[in-house]
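Inside the fold
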Amino acid sequence: MTKDALKIVTIGGGSSYTPELIEGYIKRKDQLPIKDIVLVDIEEGKEKLEIVGEMAKRMVKAAGLDWNVELTLDRKSALKDADFVTTQFRVGLLDARVKDERIPLSHGVLGQETNGAGGMLKAFRTIPVILEIIEDMKEQCPDAWLVNFTNPAGMVTEAAIKVGGWERTVGLCNVPIGHCSSASEKLGIPENELFFKFAGINHFHWHRVWDKTGKERTAELIEILYGPNQNEEDNHLKNIHSASFHYEQIKDLGMLPCGYHRYYYIEDEMLQHSIEEFERGETRAQVVKETERRLFELYKDPALDYKPEELSQRGGTHYSDAACEIIASIQNDKQTTMVVSTQNNGTITDLPYDSIVEVSGVVTAHGVEPYNWGAFQSGAARGIIQNMKGMEETVIRAAVEGNYGAALQAFTVNPLVPGGTLAKTILDELLYAHKDHLPQFADKIKEIEATQPETVAYVDELMQSNDPKLVANVEN
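My aim in this report is to walk through the structure given alongside it, one point at a time.

Concerning helix α11 (residues 267–279)
Its 13 residues place the ends of α11 18 Å apart at the C-alpha level, agreeing with the 18 Å of an ideal helix rising 1.5 Å per residue. When we look at burial in α11, the residues that qualify are M270, L271, S274, I275 and F278. For α11, the angular spread of the buried residues around the axis is 135°, confining them to a single face. Contacts from the buried residues of α11 go to α4 (93–105), α10 (262–265) and α18 (453–464). Just downstream of α11 lies G281, where phi reads positive at about 70°.

Below, the structure is given as structure tokens:
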């Protein structure tokens, strides 16, 4: 792709991450001939859009650039003739995340933004919206690239490509970035002198590492990070608890795990920590709401024309800068090696050919060329990732069709949700709690309201009460 005047549209432009996105564009001003940046949001996000939008304008001006920064609530018009579209929206805002976390945790089940019951509900809310965006793009900017870092990024990207038919989609996550910098630090080798190979799905991948002599350093890193003599946690993720992996298990895998594997490999400890936070009224969503409040107070400062350091505390740092690099690599055919969610096409032979995987690959003008991984040598890794991919496919089907049976099926096969009556109870409570953002499940939600008064009463009381002791099945 070569064009002398780029138009880049960001949906969810009122996000607290937007200053990092603008900073990323400014860093690449010689690579990106930007003319227009359009920040789009919804009516409920209008105030934040105006605050962060004015800050974006100050950042561009301070950089001495003549880019036009436009703010709008009209998504369809904004997309007209766009070259790149980035998505960073949250359906239901942070209040929806509070529900995703608190309702499962009130039953002693993990409540988390992208994993378990909460992650599936976020997908139910988000997938219909990404498909609406794609329909607008088909009409307004049929040649644009979509760079998605809306969570759950893997499922949203898969829906965009397989259901929406928008093959010019690249999904992005910041987690691999931290793993690469951690490996560089632990080995004492510059990151650009190491070769990383990631394979899996979003928030559920593994990786291997080689140095420039061709020697694999994976086993050495396992010893450094998780061995008997390690004395510090390797967790660069600010949004999840730093529980220790079991060394013998990681050594047996022969691969380095993703930080989010903690929810699966040491589920009991992670769950207990989350329950304790819940009982103190300190779920991650509530912490993020306070972090965002402080950030937007900073953003209001008319003298602030740069990304503040406090943004790194938000949990998703590096997302936006990586999105800018994807855009620059496509625009200039830079062939940058990155870890992205993209079409499998045989890259991981253990997963369906047409599925979306998160892998290392080269970002070119025509899209991503992933590095071949082949089959997982570990039967344990192969088994669990096939289960997780099946769960993702079922979640997408439920989200698109409003299929309650598929939704219950997804809850049942998700490793972080106990099956049976409890899975159904949590699903029903979450559907009712998010009824304003789940039109595809409207008939089922009406049935729940009509036949399950105890569900309605419980959810209403839980979400209106500040008493953390209001729980269903949590043992104290």
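Moving on, there is more to tell.
A closer look at the state of the cysteines
One pass over the structure, following the stated rule, counts zero disulfides. Here C258 is not disulfide-linked; the sulfur of C173 is the nearest cysteine sulfur, at 7.0 Å. Take C258: its relative accessible area is 0%, and that puts it in the buried class. Note on C324: no disulfide assigned, nearest cysteine sulfur contributed by C173 at a separation of 16 Å. Classification of C324 as buried rests on a relative accessible area of 0%.

Some remarks on unusual backbone geometry
Here N151 and P152 are connected by a cis peptide whose omega angle stands at -10°. At D81, a residue that is not glycine, the phi angle is positive and equals roughly 65°. Summarising the element assignment, D81 is placed in the loop between α3 (75–78) and β4 (84–87). Residue classification places D81 among the partly exposed residues on the basis of a relative accessible area of 46%. Residues other than glycine seldom take positive phi values, yet H203 does so here, at roughly 60°. Of the residues examined, H203 reaches a relative accessible area of 3% and is grouped as buried.

Criteria and cut-off values
Residues numbered from 1 in each chain as written. Predicted model: local features only at pLDDT ≥ 70, side-chain atom pairs only at ≥ 80, totals over all residues. Heavy atoms only, no water. Helix = DSSP H or I, 4+ residues; strand = E, 2+ residues; numbered from the N terminus. Expected span 1.5 Å × (residues − 1). Buried < 20%, exposed > 50% of the residue type's maximum accessible area, 1.4 Å probe, protein only. Arc of directions from axis to C-beta. Contact = heavy atoms within 4.5 Å. Disulfide = S-S within 2.5 Å.

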